[in-house]
Amino acid sequence: WYWQKEKRTPYVKFMKANYPPGFSYEDFGPLFTAEFFDPNQWADILKASGAKYVVLTSKHHEGFTLWGSKYSWNWNAVDVGPKRDLVAELATSVRIRTDLHFGLYHSLFEWFNPLFLEDATNVFKTRKFPTSKSLPELYEIVTKYQPEIIWSDGDGNAPDTYWNSTGFLAWLYNDSPVRDTVVSNDRWGVGSICRHGGFYTCSDRYNPGHLLPHKWENCMTIDKGSWGYRRDAQLDDYLTIEDLVKQLVETVSCGGNLLMNIGPTHDGRIAVVFEERLRQVGAWLRVNGEAIYGTKPWRVQNDTAVPDVWYTFSPREGRVNAIFLNWPISGTLELGEPQAKLGETQVKLVGYKELLKWVALGEKGIIIALPQLTPQQMPCQWGWTLQLTGIN
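Every chain is numbered on its own, with residues counted from 1 as its sequence reads. Given that this is a predicted model, residues contribute local features only at a pLDDT of at least 70 and side-chain atom pairs are listed and counted only at 80 or more, while totals for whole chains, interfaces and linings are drawn from all residues. Processing note: side-chain calculations cover all non-hydrogen atoms of the structure and skip hydrogens and water entirely.

Caption draft 1: Looking closely at the overall build of the protein chain. Each helix corresponds to a stretch of at least 4 residues labelled H or I by DSSP, and each strand to a stretch of at least 2 residues labelled E; elements are numbered beginning at the N terminus. Assigned secondary structure in the protein chain consists of nine helices and 13 strands. For a compact globule the rule gives 2.2 Å times the number of residues to the power 0.38, and the radius of gyration it is set against comes from C-alpha atoms. Against the globule reference of 21 Å for 392 residues, the protein chain gives a C-alpha radius of gyration of 24 Å, in line with a compact fold. Throughout, a residue-residue contact means that at least one pair of heavy atoms, one from each residue, lies within 4.5 Å. Intrachain contacts of the protein chain at a sequence separation of at least 6 include 64% that bridge at least 24 residues. As presented, the protein chain carries roughly 19,400 Å² of accessible surface, and 54% of it is formed by carbon and sulfur atoms. In summary, the charge assignment counts Lys and Arg as positive and Asp and Glu as negative, without counting His or the chain termini. Charge positions come from single atoms, namely NZ of Lys, CZ of Arg, CG of Asp or CD of Glu. Of the charged side chains in the protein chain, 40 are positive and 44 negative; the average position of the first set lies 1 Å away from that of the second. In this description, accessible areas are obtained by the Shrake-Rupley approach with a 1.4 Å probe, and a residue is regarded as covered only by the protein chains that are shown.

Below is the structure:
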């Protein structure tokens, strides 16, 4: 897109300097080799991350499908490049080795598909592209791989009527093999984003910082600059584990899910920096997962007195979780929101055995004395959870 459509100078220059004259985008197909792709290893990393679902990009805006689609003849991973059905392999490994829900991303439109461009020229009065390519692919992946999340994207500035989104979704939820388990997002045509859908995405890297009345997802990237793999990425371009914990906590506190994107390499590897981040998030969740999984938003999302304290609520236990991202030098944490009750309130630091001492400030909150711990005694390194029971 940057190289051939927008003709941005750095991209045009890079292609000119590094590839033979007349090299086309299609010539990248055979260079996508996936010789190191090990779906079992991917599944193990995903499991270690503490994630509950995974979404694989089955086809992006350039039309290349990661399965042997009969509607994407000679432009798919079985006919060209890897010569493997990457969707099937990952689906199988994830289902055998983990309890993650398996989902698929699918782009409705394709940047350079001549049928789509013809329909666009006709102001979408003709529907050659959705009827011969996009919709058949969607029916194909649902029937063949039975994904539990359909993550639609790329409306191409066309209305949902052009895509027949309601027709497809009616089939998906009433007659498809995943009708009882499937969840879908909000990108089904111009004007549907953030208004219709099982969960809203609203925009890429969406993190509103306040509670939304509808389930939503913060779909973001560990590489701040890209959804793919960049050979020229610098260490500073990657979010740190502190950044990721903050994103996760803010998102869940406001009623959202976090979808963390990584870009695998052309030879099928998850780069070590991505693996490390995923495993770090998993390590954090092994300690603090009770404050994330199965929680609901509380009456406030972040604390009024202290910045970087975010709340979640565990309905089964009737417990408020206060996740604080900075350990106070004073050794005491003053929270403005929870109202303590003498003889009833209990405060626990997750990963530490003893109950904590506290002082009630009436309507102004509570002061909590944190234990004096050596770095080795800390339950985790980045962000800590207080469990509060018996509070107003």
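Caption draft 2: Spotlight on the sheet that holds strand 11 (residues 358-360). Whether two strands pair depends on DSSP finding at least two bridges between them. Spatial strand order, 9-12-11: three strands in an open sheet with antiparallel pairing. Across the chains shown, the open sheet's two edge strands, defined by having one partner strand only, are strand 9 (332-335) and strand 11. Averaged over all pairs of adjacent strands, the angle between their axes in this sheet comes to 15°, without regard to strand direction. Relative to strand 12 (residues 366-369), strand 9 runs antiparallel, the two sharing four bridges. Across the sheet, residue L335 finds its bridge partner in strand 12, namely I366. Under this scheme, a helix contributes an axis fitted over its contacting stretch, all axes are lines through C-alpha atoms, and angles between N-to-C directions fall in the 0 to 180 degree range.

Caption draft 3: Main features of the pattern of salt bridges. Salt-bridge detection follows one rule: a side-chain nitrogen of Lys or Arg within 4 Å of a carboxyl oxygen of Asp or Glu. As enumerated under the stated definition, the model contains 20 salt bridges in all. In this structure, K246 and E250 form a salt bridge, with 3.0 Å as the shortest nitrogen-oxygen distance. Remark: E250 and K246 occur in helix 8 (residues 241-253); sequence separation between them is four residues, near one turn of the helix. R319 serves as the salt-bridge partner of E290, at 3.3 Å between the closest nitrogen and oxygen. Taken together, the residues E290 in the loop between helix 9 (272-288) and strand 7 (309-314) and R319 in strand 8 (residues 319-324) connect sequence positions 29 residues apart. With a relative accessible area of 9%, R319 lands in the buried category. The structure contains a network of salt bridges with shared partners spanning K59, E110, K133 and E137. Each residue is assigned to one of three classes by its accessible area relative to the maximum for its type, calculated with a 1.4 Å probe on protein chains only: buried under 20%, partly exposed between the two thresholds, exposed over 50%.

Caption draft 4: Structural context of unusual backbone geometry. Notably, N164 is not glycine yet its phi reads approximately 50°, a positive angle. Within the fold, N164 resides in the loop between helix 6 (160-163) and helix 7 (165-174). By relative accessible area, which is 31% here, N164 ends up partly exposed. One non-glycine residue, R205, lies in positive phi territory at about 55°.

Caption draft 5: Quick look at the sheet that holds strand 7. With antiparallel pairing, four strands are arranged side by side in an open sheet as 7-8-13-10. The two strands at the open ends of the sheet, each matched to only one other strand, are strand 7 and strand 10 (346-349). Averaged over all neighbouring strand pairs, the angle between strand axes comes to 25°, with direction disregarded. By the bridge criterion, five bridges tie strand 8 to strand 13 (residues 384-389) in an arrangement that is antiparallel. Bridging across to strand 13, I323 finds its partner in T385. Those strands touched by helix 8 are strand 7 and strand 8, and its axis lies near 50° from that of strand 7.

Caption draft 6: Representation of the environment of T265 within the structure. Mapped onto the fold, T265 is located in the loop between strand 6 (256-261) and helix 9. Considered as a pair, T265 and S314 are 49 residues apart in the sequence and their alpha carbons are 39 Å apart. In this structure the side chain of T265 is engaged in a polar contact, spanning 2.9 Å, whose partner is the backbone nitrogen of R269. Whenever two N or O atoms come within 3.5 Å, that pair is a polar contact, provided that in protein one can donate a hydrogen and the other can accept it, and provided that, for residues adjacent in sequence, both atoms are side-chain atoms.

Caption draft 7: Spatial organisation of the nonpolar core. Within this scheme, the nonpolar core is defined by two criteria: the residues are buried Ala, Val, Leu, Ile, Met, Phe, Trp, Tyr or Cys, and they are joined through side-chain atoms within 4.5 Å. Judged by nonpolar contacts, the single largest core of 101 residues is most densely connected at F168, L172, W284, I368 and L386. Those residues in contact with L386, other than ones at most four positions away along the chain, are V320, N321, A322, F324, L333, V347, K348, L349, L356, I368 and L370. Of all hydrophobic cores here, the second largest spans seven residues; its members include Y105, I149, W151 and F199.

Everything listed here is a matter of coordinates, which is why it stays silent on function.
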